[in-house]
Amino acid sequence: MPETSARPSDAALGTGLGRVLLLVYGIFALSASARALVQITTHFGEAPLAYLLSAFAGLVYISATVGLAIGGTRGRLIALVSCTIELVGVLTVGILSIADAVAFPDDTVWSRFGSGYGYVPLVLPFIGLWWIWRHRPGR
């Protein structure tokens, strides 16, 4: 009898690069969420927009991690939407944080295109979207 809970063949854990991508997304999910939690609970009034954006980024990274990990049609869709939101977010927040620094008195994960994180937040969605495209069904 075939096992119905088998991991889809397009799940990110299937290969070395996929495992690295999943690990990086997992680290960013944890770090962005933890950073936001600390910022919001300790000094929310100082930069509420920045701290809420960090929390949003954490949720995006969590959903991308889950989507990449579960694979299949549903996982691919979750990861695709998450990586697209991530790309739009890092580009938008990156531009706004440079153009209007007063609105961002404290950094978010995506401020200045993720400069505080070695620009990984800028590069990561491109790699994630490429990975999803490269491992699409029927390829």
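Coordinates for the structure precede this section.
Residues numbered from 1 in each chain as written. Predicted model: local features only at pLDDT ≥ 70, side-chain atom pairs only at ≥ 80, totals over all residues. Heavy atoms only, no water.

**Some words on the packing of helix 1 (residues 16-43) against helix 4 (residues 120-134)**
Worth spelling out the cut-off: Here an axis means a line fitted to C-alpha atoms, over the contact stretch when the element is a helix, while the angle between two N-to-C directions is reported on a 0 to 180 degree scale. Only DSSP runs of H or I reaching four residues or more are called helices, and only runs of E reaching two or more are called strands; each is numbered from the N terminus. The scheme is simple: roughly parallel for angles under 35 degrees, roughly antiparallel for over 145, roughly perpendicular for 65 to 115, oblique for anything else. Throughout, a crossing is termed right-handed when the near helix is turned clockwise from the far one, and left-handed when it is turned anticlockwise from it by less than a right angle. Any two residues whose heavy atoms approach within 4.5 Å are treated as being in contact. For this classification, the nonpolar set comprises Ala, Val, Leu, Ile, Met, Phe, Trp, Tyr, Cys and Pro, the charged set comprises Asp, Glu, Lys and Arg, and every other residue, Gly included, is treated as polar.
Remark: helix 1 packs on helix 4, axes separated minimally by 11 Å, with the N-to-C direction vectors making an angle of 140 degrees. Looking at the two axes, helix 1 sits oblique to helix 4. At the point where helix 1 passes helix 4, the crossing takes the left-handed sense. Touching Leu17, Gly18, Leu21, Val24, Tyr25 and Phe28 of helix 1 are Val120, Pro121, Leu124, Pro125, Ile127, Gly128, Trp130 and Trp131, all from helix 4. Taken together, the residues of the contact of helix 1 with helix 4 break down into 12 nonpolar, 2 polar and no charged.

**Description of the packing of aromatic side chains**
The geometry of an aromatic ring pair comes down to the distance between the two centres and the angle between the two planes. Stated formally: Pairing of aromatic side chains requires ring centres within 6.5 Å, counting the rings of Phe and Tyr and the six-membered ring of Trp. Pairs whose planes differ by under 30 degrees are stacked, by over 60 edge-to-face, and all others tilted.
Considering all chains together, one arrives at 6 aromatic pairs under this definition. A ring pair is formed by Phe56 and Trp110, whose centres lie 6.2 Å apart and whose planes are at 85 degrees; its orientation type is edge-to-face. One end of the pair, Phe56, is in helix 2 (residues 48-70); the other, Trp110, is in the loop between helix 3 (72-99) and helix 4, with 54 residues separating them in the sequence. Among the aromatic residues, those joined into a cluster by ring pairs are Tyr25, Phe28, Phe56, Tyr61, Trp110 and Tyr117.

**Focus on the side chain of Ser82**
With respect to the secondary-structure elements, Ser82 resides in helix 3. Here Ser82 is in contact with Val60, Ser63 and Ala64, once residues within four sequence places are set aside.

**What about a nonpolar patch on the surface?**
Under the convention used in this document: Excluding any residue in a salt bridge, patches collect residues exceeding 30% relative accessible area, merging like charges within 9 Å and nonpolar Val, Leu, Ile, Met, Phe, Trp and Tyr side chains within 5 Å. The Shrake-Rupley method, run with a 1.4 Å probe sphere, supplies the accessible areas, and residue values consider only the shown protein chains as cover. We define a salt bridge as a contact between a side-chain nitrogen of Lys or Arg and a carboxyl oxygen of Asp or Glu at a distance within 4 Å.
Side chains of Leu17, Val20, Val123, Ile127, Trp130 and Trp133 sit close together on the surface and give an oily, nonpolar patch of about 550 Å² of accessible area. Secondary-structure elements contributing two or more residues to the nonpolar patch are helix 1 and helix 4. The element that contributes the greatest number of residues to the nonpolar patch is helix 4, accounting for 4 residues. Structurally, the position occupied by Val123 is in helix 4.

**Some words on the nonpolar core**
Note the following rule: Definition of nonpolar core: a set of buried residues of the types Ala, Val, Leu, Ile, Met, Phe, Trp, Tyr and Cys, connected through side-chain atoms within 4.5 Å. Think of it in three bands: residues with accessible area under 20% of the maximum for their type are buried, residues over 50% are exposed, and the middle band is partly exposed, with areas taken using a 1.4 Å probe on protein chains only.
Judged by nonpolar contacts, the single largest core of 23 residues is most densely connected at Leu21, Tyr25, Tyr61, Leu68, Val109, Trp110 and Leu124. Among the elements of the structure, helix 1, helix 2, helix 3 and helix 4 are those that each provide at least two residues to this core. Per-element accounting of this core gives the leading share, 7 residues, to helix 2. Apart from the residues lying within four places of it in its own chain, the contact partners of Leu21 are Leu68, Leu124, Ile127, Gly128 and Trp131.

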